[in-house]
Amino acid sequence: MASRVYDCLSKIGEKIIENKDFLTDLDREIGDADHGVNMARGFEGVMTKLTPDTEDIGAALKTTGMTLLSTVGGASGPLYGTAFMDSGKAMMGKTALDKDDMKAIFEAAIAGIQKRGKAERGEKTMLDALMPAYESYCAGIDAGKSLTEAMDDACRAANDGIEFTKTIRATKGRASYLGDRSIGHQDPGATSITMMLEVVSEFLKS
Ligand SMILES: [Mg+2]
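To start, this report covers the structure provided alongside it.

Criteria and thresholds
- Residues numbered from 1 in each chain as written.
- Predicted model: local features only at pLDDT ≥ 70, side-chain atom pairs only at ≥ 80, totals over all residues.
- Helix = DSSP H or I, 4+ residues; strand = E, 2+ residues; numbered from the N terminus.
- Buried ≥ 20, exposed ≤ 12 C-beta atoms within 10 Å, placed from the backbone.
- Contact = placed C-beta atoms within 7 Å.
- Core = buried A, V, L, I, M, F, W, Y, C linked by C-beta atoms within 7 Å.
- Expected span 1.5 Å × (residues − 1).
- Axes fitted to C-alpha atoms, helices over the stretch in contact; angles between N-to-C directions.
- Parallel < 35°, antiparallel > 145°, perpendicular 65-115°, else oblique.
- Left-handed = near helix turned anticlockwise from the far one by under 90°.
- Nonpolar A, V, L, I, M, F, W, Y, C, P; charged D, E, K, R; others polar.

Let us look at the overall build of the protein chain. Scanning the protein chain from N- to C-terminus turns up nine helices and zero strands. If you list the helices and strands of the protein chain from N to C, you get α-α-α-α-α-α-α-α-α. For the protein chain, the spread of C-alpha atoms along the principal axes amounts to about 50 × 40 × 30 Å. Each of the 206 residues in the protein chain was classed as buried or not, and the buried ones make up 48%. Put simply, 64% of the contacts in the protein chain that link residues at least 6 apart link residues at least 24 apart.

Spelled out as structure tokens, the structure:
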């Protein structure tokens, strides 16, 4: 039987592959029309590299990150690769996920993306969804909510973050070449990271 972490990563892959054209279309508006294609290729690779019976969440995340790093091009490969690899380091040896683990995954992913991309919030990137998601998650946990309730809050905040990216000008990556013309378009990276959070949130309820 496949492990929980394998099933969850498979569902993330399915979601990204299902939304390949949508993500690519978003990137066509403000970038180079490859986000969905690249991410789908990356997760197709991930599914060939992951072992279904791997119970070690850290090892599975690390394999995912290394595969994304080597198969996804552009800026997204290194950023998602680092996010998954660093989350993997935080989870190495663990076979179950609790509230603190989820917090550690958020923190490792954010720190990895910030370091690798030299990115800050407000630049119209995946961080504009991921950082508010993390903050809402922590606020929920601090208020005594369960892991799944706090993840619901995180997903709402990530979706608000996507909406926020429509209102701002891109100052990072290829979209920044468009200047003010990037306003009105949602960030593809903020969109794909939100899809992943939604899959994890739903999965944790199962
Ligand atoms: Mg692109």
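Let us now look at the nonpolar core. Counting 55 residues, the largest nonpolar core has Leu130, Ala133, Tyr137 and Ala154 as the members making the most contacts within it. Take this core: its biggest share by element is eight residues, from helix H7 (residues 127–142). Once residues within four sequence positions are removed from consideration, Tyr137 is found in contact with Met102, Lys103, Phe106, Ala150, Met151, Asp153 and Ala154.

What follows covers helix H1 (residues 4–18). The terminal C-alpha atoms of H1 lie 21 Å apart, and with 15 residues this matches the ideal 21 Å at 1.5 Å per residue to within 8%. Each element contacted by the buried residues of H1 is listed here: helix H3 (35–49), helix H4 (57–71) and helix H9 (188–205).

Further remarks concern the packing of H1 against H3. Axis separation between H1 and H3 bottoms out at 9 Å; the angle between their running directions is 150°. If you check the angle between H1 and H3, you find them roughly antiparallel. Judged by the twist between their axes, the crossing of H1 over H3 is left-handed. Contacts between H1 and H3 involve Leu9, Ser10, Gly13, Ile16 and Ile17 on the former and, on the latter, Met39, Ala40, Phe43, Glu44, Val46 and Met47. Split by residue class, the contact of H1 with H3 holds eight nonpolar, two polar and one charged.

All right, on to unusual backbone geometry then. For Ala33, which is not glycine, the phi dihedral falls at a positive 55°. In this structure, Ala33 sits in the loop between helix H2 (20–30) and H3. Assessed through the 15 C-beta atoms surrounding it within 10 Å, Ala33 is described here as partly exposed.

Another point: the packing of H1 against H4. Viewed as axis vectors pointing N to C, H1 and H4 meet at an angle of 30°, and their least axial separation amounts to 9 Å. Comparing the axis directions of H1 and H4 gives the class roughly parallel. Viewed along their axes, H1 and H4 form a crossing whose handedness is right-handed. Side by side, H1 and H4 meet where Val5, Tyr6 and Leu9 of the first sit next to Ile57, Ala60 and Thr64 of the second. Partitioned by chemical class, the residues of the contact of H1 with H4 number five nonpolar, one polar and no charged.

Geometric descriptors of this kind do not, in isolation, establish any biological role.
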